[in-house]
Structures are given as C-alpha cells and as structure tokens.
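# Coordinates in review
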Amino acid sequence: MKVSDMNLNWQTYPDSQAVAEGLADTVADKLRDAVSNRGEAFMAVSGGTTPKKFFAALSQRKLDWSKVTVTLVDERFVHEASDRSNAALVRANLLQNEAASARFIGLYHEAADATAAAGQASAELSAQKWPLDVAILGMGTDGHTASFFPDAANLSTLIDPAHDAIVEGVDTVAGGEPRLTLPLLRLIEAGFVALHIEGSEKRRVLEEATLLDSIHPIRAVLVNAREPVPVYWAA
C-alpha cells in the first residue's frame, strides 16, 4: 500500500537549470504574496549541492527582499567559515543580486554542543512571526530530509507533528557531524512546503517512502503535510 497519491504532486522538469528556474518562480510568487498580505515574508531553505542553481535563480527575482527573512531548514554544527556550512552556502548563492537586502538568521551558534546551540538558535528565532511562509526541503539517498537522519537518537521527537520546539540538536553519525534542525511541525505548518530533488535514485527513494512499511524519515512529511507536497524534480 502507498500513501495517498494526493500527498505527492510531481513537478517534472527536463534538467537541473529548468527545475531551479521553475521553483524560483513559484517561491518568488509566494514571498511576494506574503509581503503583500502581511508586510513581511519568512522562508527556510535547505543546504547541500542541489539548491545552488535554485538559490542563484531566486536571487535574480525582483521583489521587496528587504522585507524577507531567510533561515535554514537545518545546519551542520560547524562555524560559517567551514566549507560544510549551509549558512555560507546561502550567503554565497542566495543573498546576492536582488536578494542581497534580505535578512538572514542562521542556526549555528558557538556553544558546547549542538543541543546548546539549538537553544540559542531557538531563542533568536522565537522573535519571528511563525509559521514560515515557505519551506524548501531536500532529501538524501537514505531518505532523510532536514536533519531527520535514520540514526538520530531523537528521530521520533524530530518527526512528531505535535512537537513544537523551534530548533533541535541532532546527534548523528550518518550526517557527518552533529546537526541543528527545525523539527517536523515547523516545516509542515509553513504556508508552502516543497521538496526539491534531482536524479533517478532520489526519485526511487521518494517512491519507496510512499510504501506503507517504509522507514524513510521523509515519509513523516508526506504523511503529515496539510496538502499534497509539490516535488520539484529533474532527471
């Protein structure tokens, strides 16, 4: 058995540049709507290699970026000077061009460990007007999204749709180092939630996640999302 087909909404593009442009158009529209309706917009984006072209495309879209706040879906517990920092990725690829005036709030803080850093990030982000207007997720070939890694000791808490923490620390070996992440509720309550993936392997993994016996963490998003999740995909 599978999750209802209503929980996936495939948006298929011929290549990575085309999907980046298509997703950028949609996200820009959502941000404009938020600014128009409530005077500001709040967005969370993911790291990794897939989003670079999307970030570059979105940075070219014209809107009142001075009223947009950008944060991260998740982050590695590394300083921004590290080449593994998602904050550095966003600054170099998204907060440029038209988007240079956007406000950015990262998740990393210097602290004893990721849990302590998550507490500091939560305190800083608590001043924002939740929920998010936009949440753009990625997915690994192990089926993780955000920092919901299969080996995370607190995975059940992270994917609990009733858990209302803002940021959580994650102890994971699969993730390469400790992580900080927004938990499931903060993602699925966003006005617009989308998944951006590329390649046949990730499509196969996502389709596996729709199976009733799947243990892929991305399944928690599919099951608990308020409406069908748009999947922006290119081969």
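Everything here concerns the structure above.
A brief structural summary.

Each value, and the rule that gives it
Residues numbered from 1 in each chain as written. Predicted model: local features only at pLDDT ≥ 70, side-chain atom pairs only at ≥ 80, totals over all residues. Heavy atoms only, no water. Pairing = 2+ DSSP bridges. Helix = DSSP H or I, 4+ residues; strand = E, 2+ residues; numbered from the N terminus. Axes fitted to C-alpha atoms, helices over the stretch in contact; angles between N-to-C directions. Contact = heavy atoms within 4.5 Å. Phe/Tyr/Trp six-rings, centres within 6.5 Å; stacked < 30°, edge-to-face > 60°. Lys NZ or Arg CZ within 6 Å of the ring centre and 35° of its normal. Buried < 20%, exposed > 50% of the residue type's maximum accessible area, 1.4 Å probe, protein only. Arc of directions from axis to C-beta. Salt bridge = Lys/Arg side-chain N within 4 Å of Asp/Glu carboxyl O. Core = buried A, V, L, I, M, F, W, Y, C linked by side-chain atoms within 4.5 Å.

### With respect to the sheet that holds strand S3 (residues 68-72)
Read across the sheet, seven strands follow the order S1-S10-S9-S6-S2-S3-S5 without closing on themselves; strand pairing throughout is parallel. Looking at the sheet topology across the chains shown, the edges are occupied by strand S1 (8-13) and strand S5 (103-105). With strand direction ignored, the average angle separating the axes of adjacent strands in the sheet is 20°. Sheet analysis places strand S6 (residues 134-137) next to strand S9 (residues 192-198), joined by four bridges and oriented parallel. The partner of Ile-136 across the bridge, within S9, is Ala-194. Against the sheet, helix H1 (residues 16-38) engages S1, strand S2 (41-45), S3, S6, S9 and strand S10 (229-234), with an angle of about 165° to S9.

### With respect to the sheet that holds strand S8 (residues 179-181)
Reading across the sheet, the three strands line up as S4-S8-S7 and stay open at both edges, with antiparallel pairing between neighbours. In this open sheet, the two strands that pair with only one neighbour each are strand S4 (74-76) and strand S7 (168-170). Sheet twist, expressed as the mean angle between neighbouring strand axes with direction ignored, is 25°. As paired strands, S4 and S8 are joined by three bridges and run antiparallel to one another. Opposite Asp-74, over in S8, you have Thr-181 as the bridge partner.

### Considerations on the packing of aromatic side chains
Taken as a whole and judged by the stated rule, the model has five aromatic pairs. When the ring centre of Trp-10 is taken as origin, the NZ or CZ atom of Arg-203, which lies over that ring, is 3.8 Å away. The ring of Trp-233 has Arg-203 sitting right over it, with the charged end atom 4.8 Å from the ring centre.

### Topic: helix H3 (residues 86-93)
Since the α-helix advances by 3.6 residues per turn, residues separated by three or four positions end up pointing in the same direction. Here H3 has its buried residues at Asn-86, Ala-87, Leu-89 and Val-90. The buried residues of H3 all sit within an arc of 160° when viewed along its axis, so they share a single face. On the buried face of H3, the contacting elements are S2, helix H2 (52-58), S3, S4 and S5.

### Quick look at the pattern of salt bridges
All told, the structure shown has 16 salt bridges when counted by the stated rule. The shortest N-O distance in the salt bridge between Glu-40 and Lys-129 comes to 3.4 Å. With Glu-40 in the loop between H1 and S2 and Lys-129 in the loop between helix H4 (114-125) and S6, this pair connects stretches of sequence that are 89 residues apart. For the salt bridge of Arg-179 with Asp-74, the shortest nitrogen-to-oxygen distance reads 3.4 Å. With Arg-179 in strand S8 and Asp-74 in strand S4, this pair connects stretches of sequence that are 105 residues apart. By relative accessible area, Asp-74 is classed as buried at 5%. In the salt-bridge network here, residues are joined through shared partners; they are Arg-38, Glu-40, Lys-129 and Asp-133.

### Examining the nonpolar core
Inside soluble globular proteins, nonpolar side chains tend to come together where they are buried. Ranked by size, the top nonpolar core spans 80 residues in total, and within it Val-27, Met-43, Trp-65, Val-70 and Leu-94 carry the most contacts. Apart from the residues lying within four places of it in its own chain, the contact partners of Val-27 are Met-43, Phe-54, Leu-58, Val-134, Ile-136 and Phe-192.

### Remarks on unusual backbone geometry
In this structure, Pro-131 follows Trp-130 across a cis peptide bond, with omega equal to 10°. Following the sequence through the fold, Pro-131 ends up in the loop between H4 and S6. Phi angles above zero are rare outside glycine, and Asn-97 is one such case at about 55°. One can find Asn-97 in the loop between H3 and S5. Given the relative accessible area of 49%, Asn-97 is considered partly exposed. For Ala-146, which is not a glycine, the phi torsion comes out positive at approximately 50°. Note that Ala-146 resides in the loop between S6 and helix H5 (155-158).

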